[in-house]
Structure formats: C-alpha cells, structure tokens
Amino acid sequence: MKTKTIQGFLNGELLRSEWVRKQYKLIALIVGLVFIYILAGYRSMQQQRRLSDLRDEVRDKKFEYLTLSTELVTLTRQSQVVKELEARGSKLKENKTPAVKIK
C-alpha cells in the first residue's frame, strides 16, 4: 500500500468518499450479518457443550441403574432370601418339592 492510501484510511478520508456514502446501507447490512453469524457460532458451541454434558449425565445414570439392578437381583435371589430368613431366625422353611400345575 502507498503511504497516501494509509493516510487516507487513518484520517477518515476513505469514509468521506462518495462510493462509501452511497453504499453505507450495504456496509451496515454486511456488518449486521457478520455479527449474527458470530452469535450463531457461539450459540452452536454452547449447545454442543450442553449436549456433551447431557450425554455424560445419561451415561452416568445408565451405569447407576445397572449397578442398582444388579444389587436388586442379588438380594432377591432365592438362596439370598433363604440366608436372610435364617439369619433373622424365621420359622419359614424352603419348599423342596416342585410346584404342581393344575390343568
């Protein structure tokens, strides 16, 4: 760039030129669209972060569910129930004969 061009830009002479005065609406539109584009990018990044956090939370809840489900299955197993009844001194006894189906 020439020194004259740099001086014209720095002292505002460029903004006073006829071409810029005729096109100020277009320039304002372009600046507005660039601003909206930047805002949309930030919004998208924010949503991606939130989505990632929710995925992590869902994965944690799934593991917690599996853990609780396993504990429940272990506690309701027949052998575990018999041990618990014996430990509490219950007079109930396990039925050794299979159930009979009536047709």
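Whatever comes next refers back to the structure up there.
All values derive from a computational prediction rather than experimental measurement.

(A) Local environment of the overall build of the chain. Looking only at helices and strands, one finds 4 helices and 0 strands in the chain. The C-alpha atoms of the chain give 38 Å as radius of gyration, which overshoots the globular expectation for 103 residues (13 Å, by more than 25%). On the principal axes, the C-alpha backbone points of the chain span a range of 105 × 35 × 20 Å. By residue count, 3% of the 103 residues in the chain fall in the buried class. Carbon and sulfur atoms make up 62% of the accessible area of the chain, which amounts to about 10,700 Å² in all.

(B) The arrangement of the pattern of salt bridges in detail. Applying the stated criterion to the full structure yields 4 salt bridges. A salt bridge links Asp56 to Arg59, with the nearest nitrogen and oxygen atoms 3.4 Å apart. Taken as a pair, Asp56 and Arg59 lie in helix H3 (residues 24-75) at a separation of 3 residues, close to a single helical turn. Asp56 gets classed as partly exposed once you look at its relative accessible area, which sits at 31%. Given the relative accessible area of 43%, Arg59 is considered partly exposed. Residue Glu64 pairs with Lys61 through a salt bridge whose shortest N-O separation is 3.9 Å. One end of the pair, Glu64, and the other, Lys61, are both in helix H3, 3 residues apart, so they sit about a helical turn from each other.

(C) Just the environment of Thr67, in detail. Mapping Thr67 onto the fold places it in helix H3. It is 72 Å that separates the C-alpha atoms of Thr67 and Arg16, two residues lying 51 residues apart in sequence. Polar side-chain contacts of Thr67 include one of 2.9 Å to the backbone oxygen of Phe63.

(D) Focus on the environment of Asn11. Position of Asn11 among the secondary structure elements: in the loop between helix H1 (3-10) and helix H2 (18-22). The class of Asn11 is partly exposed, set by a relative accessible area of 46%. Between the C-alpha atoms of Asn11 and Lys83, which are 72 residues apart in sequence, the distance is 92 Å.

(E) View of a nonpolar patch on the surface. A grouping of Leu26, Leu29, Ile30, Leu33, Val34, Phe35, Ile36, Tyr37, Ile38, Leu39, Tyr42 and Met45 is seen on the molecular surface, where their side chains present a nonpolar patch of about 1,300 Å² in accessible area. Relative to the helices and strands, Leu29 is located in helix H3.

Thresholds, definitions, all that
Residues numbered from 1 in each chain as written. Predicted model: local features only at pLDDT ≥ 70, side-chain atom pairs only at ≥ 80, totals over all residues. Heavy atoms only, no water. Helix = DSSP H or I, 4+ residues; strand = E, 2+ residues; numbered from the N terminus. Rg over C-alpha atoms; globule rule 2.2 N^0.38 Å. Buried < 20%, exposed > 50% of the residue type's maximum accessible area, 1.4 Å probe, protein only. Areas by Shrake-Rupley, 256 points an atom, 1.4 Å probe, with all protein chains shown as cover. Salt bridge = Lys/Arg side-chain N within 4 Å of Asp/Glu carboxyl O. Polar contact = N/O pair within 3.5 Å; in protein donor to acceptor, adjacent residues only side chain to side chain. Patch = residues over 30% accessible without salt bridge, like charges linked within 9 Å, V, L, I, M, F, W, Y side chains within 5 Å.

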